[in-house]
Amino acid sequence: MNEKKSVGNTSFQKKANDALVLDMLRKRGPASRLELAGATGLRQSTLTYIIGRLIERGVVKEIDAAPPSVKRGQRPIPVAIDDSYGFVIGIDLCRASCSFAICDILGRVRCSEDFDGRGIEGFEDRFLACYRYAAAKAEKLGFRLLAVGLSVSGVVDSANGIIKRSWAEGLTGFDIAKRLSPKMRHPLVVENDAKCCAYARLWKEPDSSARASFIYLLLRQSPWRPGDRQLPLSVGMSIVVNGSVYRGASDFAGEFRSIFPPHEGKGQLSIPNEVLASFGSDEEVRREAMREILSNIAFLLIALNPNELYFGGDIPFDAAWLSSVIDQDLDLRGRYPQISACRILLSEDARLDAAFGACARVLSSIYSIPAIGSSPSSLDWDSLFASAEG
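Residues numbered from 1 in each chain as written. Predicted model: local features only at pLDDT ≥ 70, side-chain atom pairs only at ≥ 80, totals over all residues. Heavy atoms only, no water.

Participant: Honestly, the sheet that holds strand E4 (residues 98-104) in this entry has me stumped. Any pointers?
Facilitator: Neighbouring strands of a sheet are bound in pairs by backbone hydrogen bonds; such pairs are parallel or else antiparallel. Read across the sheet, 5 strands follow the order E5-E4-E3-E6-E10 without closing on themselves; strand pairing throughout is mixed. Each edge of the open sheet is held by one strand with a lone partner, namely strand E5 (109-114) and strand E10 (188-192). Pairwise comparison of adjacent strand axes, ignoring direction, gives a mean angle of 15° for this sheet. Of the strand pairs in this sheet, strand E3 (residues 87-93) and E4 are connected by 7 bridges, and their pairing is antiparallel. Note that in E4 the partner of Val 88 across the bridge is Cys 103. Against the sheet, helix H6 (residues 193-204) touches strand E6 (145-152) and E10, its axis set at about 105° to E10. (Pairing = 2+ DSSP bridges. Helix = DSSP H or I, 4+ residues; strand = E, 2+ residues; numbered from the N terminus. Axes fitted to C-alpha atoms, helices over the stretch in contact; angles between N-to-C directions. Contact = heavy atoms within 4.5 Å.)

Right, here's the structure in full:
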């Protein structure tokens, strides 16, 4: 006999139960109170109380989908998250470009756009200009904003809101709570761009996310001149193991550096930057670069045995061309049978993954079930309810 969980009276238990039910509705879609009680292990009376409270707060709604001939009291009434409750912005900030996505509380993209930041110098000014533009766009559409996610290249301590190091932006120890949050009207979450892409993949497949193990390679091309800090081709990587984004001991997991000595000690690859500047237009340069990148990650594919290897960002090639590099140039699947089990895929939303992933990173925080002893957050449901009611 399965023992049912009880709600208790503590604020923590109420907060945890709210988060549990909302996350279940997010993953399952509309469900009756009886179905939710069975799925969560909560008593039906407890579940009914929670749903009533969430309906009062506007985040959950009843769906009366039965024909009028069926009386309301004769059937269970499904409930669902009200996708109009709130929205989040995800901003992908690069030296060469800036884009954003606006998603509803269920993670559906309602709007996406490139932001023209030409002529705006400095990381802070470019971000704030894009944020204000996107926030005004959301307001014009009638969207109530809950929070903002920022995708940026470099080493990021997301839990504490610190950009430890961003070579492209020239940042070290950048504290968003001190530098950006005071100039904003909404909570901000910052994350590494390749890790944002991993959150995007996990969010799109909630049913399999707990079992997902994959590597995501993010390729970025930028206009380049000698002396530029920004690389003509940058490679970001994220690693997901059993549904969790792996951060490493100090947030450096996924930082890509070739095992081959970089040209003049600069960059991520052994190929000179003046050659890599032709990655998008020169097939031979592109092939040479991809051979080096794939040779570097072959060991990870063998050691981690992931389900998939994704490519996203600026990818000027198709799946057939990539397979020719893997199978003909390097013969990776022939030499290493373990790699044959890994599906190698191009992301279907390659250019939007980082911006959408910044939304997904925020939503993952909102829907997370709090741990015992955890501190209150501006992104937990209680804080969002209080903000809405205030």
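Participant: I would appreciate a short explanation of the sheet that holds strand E8 (residues 162-166) in the present structure.
Facilitator: Pairing in this open sheet of 3 strands is antiparallel, and the strands run E7-E8-E9 from one edge to the other. Two strands in the sheet have a free side with no partner beyond their single neighbour: strand E7 (155-157) and strand E9 (171-175). Mean inter-strand twist for the sheet, computed between neighbouring axes without regard to direction, equals 10°. Examined bridge by bridge, E8 and E9 share 4 bridges and lie antiparallel to one another. Paired with Ser 166 across the two strands is Leu 171, which belongs to E9.

Participant: Help me understand the side chain of Ser 238, please; the structure alone is not making it clear to me.
Facilitator: With respect to the secondary-structure elements, Ser 238 resides in strand E12 (residues 233-241). Setting aside residues no more than four positions away along its own chain, Ser 238 makes contact with Ala 194, Lys 195, Ala 198, Phe 214, Ile 215 and Tyr 216.

Participant: Please clarify how the state of the cysteines should be interpreted in this entry.
Facilitator: Working definition of a disulfide: a covalent bond connecting the sulfur atoms of two cysteines. Applying the stated criterion across every chain yields a total of 0 disulfides. As a non-bridged cysteine, Cys 111 has Cys 103 as the owner of its nearest cysteine sulfur, 9.9 Å distant. For Cys 111, a relative accessible area of 11% gives the class buried. (Disulfide = S-S within 2.5 Å. Buried < 20%, exposed > 50% of the residue type's maximum accessible area, 1.4 Å probe, protein only.)

Participant: What exactly am I supposed to notice about the packing of helix H2 (residues 33-40) against helix H3 (residues 44-56) here?
Facilitator: Two quantities define a packed helix pair, namely the angle between the helix axes and the distance between the axes. Running from N to C, H2 and H3 cross one another at 115°; their axes reach a closest spacing of 9 Å. Between H2 and H3 lies a crossing of right-handed hand. For the pair H2 and H3, contact is made by Arg 33, Leu 34, Leu 36, Ala 37 and Thr 40 and by Gln 44, Leu 47, Thr 48, Ile 51 and Ile 55, respectively. Here the contact of H2 with H3 is composed, by residue class, of 6 nonpolar, 3 polar and 1 charged. (Left-handed = near helix turned anticlockwise from the far one by under 90°. Nonpolar A, V, L, I, M, F, W, Y, C, P; charged D, E, K, R; others polar.)

Participant: What am I meant to see in the pairing of E10 here?
Facilitator: Remember that side chains alternate between the two faces of the sheet whenever the strand is regular. Summarising burial for E10: 5 of the 5 residues are buried, a large majority. Side-chain alternation along E10 places Leu 188, Val 190 and Asn 192 on one buried face and Val 189 and Glu 191 on a second face that is also buried. Pairing of E6 with E10, which is carried by 5 bridges, proceeds in the parallel orientation. Across the sheet, residue Leu 150 finds its bridge partner in E10, namely Val 190.

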